[in-house]
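Summary of structural features
What follows is the residue order along each chain.
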Amino acid sequence: MATVTPPTQEEIENLREKVRREVEKNGEENFAKVDLERLNSDEAYIGKFWLHAQQMDGDNKENTVKLVVDTLLWRKKFGVENISEDTINKEHTRHSLNIRVQFF
């Protein structure tokens, strides 16, 4: 298994720039503002994508950009930024809790 290493500051900035270009290509309206802000302010967040991409075949930088863009598009499509305790059906959470309790 290959050694997994975190990205350098230079690599993080390069990744952010590449993601920005992809966001422009795909249309900024297809991305949640909160996700883009997190990407630009949270180095650990982009680092998680980087570490996952190291486990994939191909170019790590290109894989990281693709993972980030695909994830952020998916999050916007399914409205993940709008999920909160108030928007979750309480019956689903009770049912889920009951299932977990039965297994332990």
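Within each chain, residues carry numbers counting from 1 in the order of the written sequence. Only residues with pLDDT of at least 70 get local features here, since the model is predicted, and only at 80 or more are side-chain atom pairs given and counted; chain-wide, interface and lining totals rely on the full set of residues. Water and hydrogen atoms were dropped before computing side-chain values, which therefore reflect all heavy atoms in the structure.

**Some thoughts on the confidence of the model for the protein chain**
Low-pLDDT stretches of the model should not have their predicted coordinates read in fine detail. Confidence along the protein chain averages 88 in pLDDT terms, with 85% of residues attaining 70 or more. Taken element by element, the protein chain is modelled with least confidence in helix α5 (residues 90-103), mean pLDDT 56, and with most confidence in helix α1 (residues 9-26), mean pLDDT 98. The quantity called pLDDT is the predictor's confidence in a given residue, expressed from 0 to 100. Helix and strand labels come from DSSP, where a helix needs a run of H or I of at least four residues and a strand needs a run of E of at least two; each type is numbered from the N terminus.

**Describing the side chain of D35**
Along the chain, D35 falls in helix α2 (residues 33-41). Whenever a nitrogen or oxygen atom comes within 3.5 Å of another N or O atom, the pair is scored as a polar contact, on the condition that within protein one atom can donate a hydrogen and the other can accept it, and that pairs from neighbouring residues in sequence are kept only if both atoms are in side chains. Of note is the side chain of D35, whose polar atom sits 3.0 Å from the side chain of R75. Should any heavy atoms of two residues lie within 4.5 Å, those residues are counted as being in contact. Ignoring sequence-local partners within four residues, the contact set of D35 consists of L72 and R75.

**Details of the nonpolar core**
Only buried residues count toward a nonpolar core. Its members are Ala, Val, Leu, Ile, Met, Phe, Trp, Tyr and Cys residues joined through side-chain atoms within 4.5 Å. In this scheme, a residue with accessible area under 20% of its type's maximum is buried, one over 50% is exposed, and one in between is partly exposed, where area comes from a 1.4 Å probe on protein chains only. Core analysis: the largest hydrophobic core is formed by 17 residues, its most contacted members being V19, F31, L39, V68 and L72. Among the elements of the structure, α1, α2, α3 (43-53) and α4 (60-77) are those that each provide at least two residues to this core.

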